[in-house]
Amino acid sequence: MKLIGADNCACLFCGGREKVQTVARDDGAASISLCAACREELTEAWASGAVLTETQSTMQKYSEEAKRIIAEAAVMTEEQFEEKYLSDEVDRVVFEYIRGYGQTDLLGSGMGLLSIMTEQNAEVIKTHIEGLTAAGLIYPVAGKTGWYGADYPFADD
């Protein structure tokens with residue numbers, strides 16, 4: 001494993017740009033870029049045994065409301081889900097955009113594209129995102145500021 005200095009690169013976890021280094025594995029696996037603070041935090045978590053398994057990590061990113069709605073959606077068709085939860089046009093566009101990507105950044109170009117698609121300004125869209133998050137329809141991605149996700153398997157998928 002090698003640490004390589006990275007210019008003009010953002011940290012995978014926090015998006016920071018200070019003291020970012022790329023961690024490259026010798027076996028050719030994908031490299032990741034981490035800032036000094038996240039490298040230190042990861043090292044401490046690893047040493048203390050606080051690093052979670054992928055399954056544990058996945059379960060912790062959902063609120064209780066999101067878990068409930070995801071379970072309910074699994075026995076619904078997309079059409080039934082839309083009728084029940086996405087009657088608002090802007091909510092539907094935001095939800096489908098996020099669901100299409102699974103997880104996506106909404107700070108930059110994502111917000112711009114949603115503004116074009118919904119013909120609404122960023123503040124209106126942020127309000128809808130907050131409402132969808134509070135309802136458990138989307139969730140903020142842990143460790144990635146401005147990122148949201150929507151993982152929904154429907155009965156008709």
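See above for the structure.
Conventions used here
- Residues numbered from 1 in each chain as written.
- Predicted model: local features only at pLDDT ≥ 70, side-chain atom pairs only at ≥ 80, totals over all residues.
- Heavy atoms only, no water.
- Axes fitted to C-alpha atoms, helices over the stretch in contact; angles between N-to-C directions.
- Helix = DSSP H or I, 4+ residues; strand = E, 2+ residues; numbered from the N terminus.
- Parallel < 35°, antiparallel > 145°, perpendicular 65-115°, else oblique.
- Left-handed = near helix turned anticlockwise from the far one by under 90°.
- Contact = heavy atoms within 4.5 Å.
- Nonpolar A, V, L, I, M, F, W, Y, C, P; charged D, E, K, R; others polar.
- Phe/Tyr/Trp six-rings, centres within 6.5 Å; stacked < 30°, edge-to-face > 60°.
- Buried < 20%, exposed > 50% of the residue type's maximum accessible area, 1.4 Å probe, protein only.

### Quick notes on the packing of helix α4 (residues 78-85) against helix α5 (residues 89-101)
Turning to step 1, where the next piece is worked out: Following both chains from N to C, one finds α4 and α5 inclined at 135 degrees, their axes separated by 11 Å at the closest point. The pairing of α4 with α5 is recorded here as oblique in orientation. Read as a crossing pair, α4 and α5 show a hand that is right-handed. Note on element contacts: α5 touches α4 through Arg92, Phe95, Glu96 and Arg99, opposite Glu78, Phe81 and Glu82.
Turning to step 2, where the next piece is worked out: Tallied by class, residues from the contact of α4 with α5 come to 2 nonpolar, no polar and 5 charged.

### Side note on the packing of aromatic side chains
Turning to step 1, where the next piece is worked out: Using the criterion set out here, one finds 7 aromatic pairs in the structure.
Turning to step 2, where the next piece is worked out: Plain terms: the ring middles of Phe81 and Phe95 are 5.3 Å apart, the flat faces sit at 35 degrees to each other, and that makes the pair tilted. Residue Phe81 is found in helix α4, and its partner Phe95 is found in helix α5; the two are separated by 14 residues along the sequence.
Turning to step 3, where the next piece is worked out: Judged by relative accessible area, Phe81 falls into the buried class, the value being 1%.
Turning to step 4, where the next piece is worked out: Ring centres 5.9 Å apart and planes at 15 degrees place the aromatic pair Tyr152 and Phe154 in the stacked group. Across this residue pair, the class does not change: Tyr152 and Phe154 are buried.
Turning to step 5, where the next piece is worked out: Three or more aromatic residues joined by ring pairs form one cluster here, namely Phe81, Tyr85, Phe95, Tyr152 and Phe154.

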